Amino acid sequence: MLRDFSRVDTTPGAMGMYATFAPPLSAAGSREEYLAWLKTKIKDLKVMSWFFTGQARCTKLEIVGPFADDFKFAFDRVVATMNKGTSPSS
């Protein structure tokens, strides 16, 4: 199945094609908890980063929801580490 990474919804409990990085509805809502949960999605973040840095670059990214800024922070870090060839967990 192809994914469309041009839009990311970070709304807890969101469902559908754009909700890969939406935490469960039961998420408490703090930045730290969201970032900790997002670490469980590191493989998806790496795949997404390829779409923004690889040959077939996606040039548009819309991030919505209450964790939009936190997602952008984490995504930028993954992209930076992927460009350096290091692990985002370091």
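One can find the structure itself at the top, above this paragraph.
Residues numbered from 1 in each chain as written. Predicted model: local features only at pLDDT ≥ 70, side-chain atom pairs only at ≥ 80, totals over all residues. Heavy atoms only, no water.

Participant: Would you mind showing me how to read the side chain of Asp 70 here?
Facilitator: Mapped onto the elements of the fold, Asp 70 is located in helix α3 (residues 68–84). On the basis of relative accessible area, Asp 70 is assigned to the buried category, the value being 11%. Apart from residues no more than four positions distant in its own chain, Asp 70 is found in contact with Arg 31, Tyr 34 and Leu 35. (Helix = DSSP H or I, 4+ residues; strand = E, 2+ residues; numbered from the N terminus. Buried < 20%, exposed > 50% of the residue type's maximum accessible area, 1.4 Å probe, protein only. Contact = heavy atoms within 4.5 Å.)

Participant: Help me out: how do you make sense of α3 in this one?
Facilitator: Since the α-helix packs 3.6 residues into each turn, any two residues three or four apart lie on the same face. End to end, α3 covers 24 Å across 17 residues, agreeing with the expected 24 Å (1.5 Å per residue, within 8%). Regarding α3, the residues found buried are Ala 68, Asp 70, Phe 71, Ala 74, Phe 75, Val 78, Val 79 and Thr 81. (Expected span 1.5 Å × (residues − 1).)

Participant: When you look at the packing of aromatic side chains in this model, what are you seeing that I'm missing?
Facilitator: Geometrically, a pair of aromatic rings is defined through the distance of the ring centres and the angle of the planes. On inspection of all chains with the given rule, the structure shows 4 aromatic pairs. Plain terms: the ring middles of Tyr 34 and Phe 67 are 4.4 Å apart, the flat faces sit at 5° to each other, and that makes the pair stacked. Taken together, the residues span a long stretch of sequence, with Tyr 34 in helix α1 (residues 31–39) and Phe 67 in the loop between β2 (62–64) and α3 at a distance of 33 residues. Looking at Phe 67, the relative accessible area reads 5%, which means it is buried. Taken together, a centroid distance of 5.9 Å and an interplanar angle of 10° make the contact between Phe 71 and Phe 75 stacked. Here Phe 71 and its partner Phe 75 are both found in helix α3, 4 residues apart, which amounts to about one turn of the helix. The buried category is assigned to Phe 75, whose relative accessible area is 3%. Among the aromatic residues, those joined into a cluster by ring pairs are Phe 21, Phe 71 and Phe 75. (Phe/Tyr/Trp six-rings, centres within 6.5 Å; stacked < 30°, edge-to-face > 60°.)

Nothing here speaks to function; it is all geometry.
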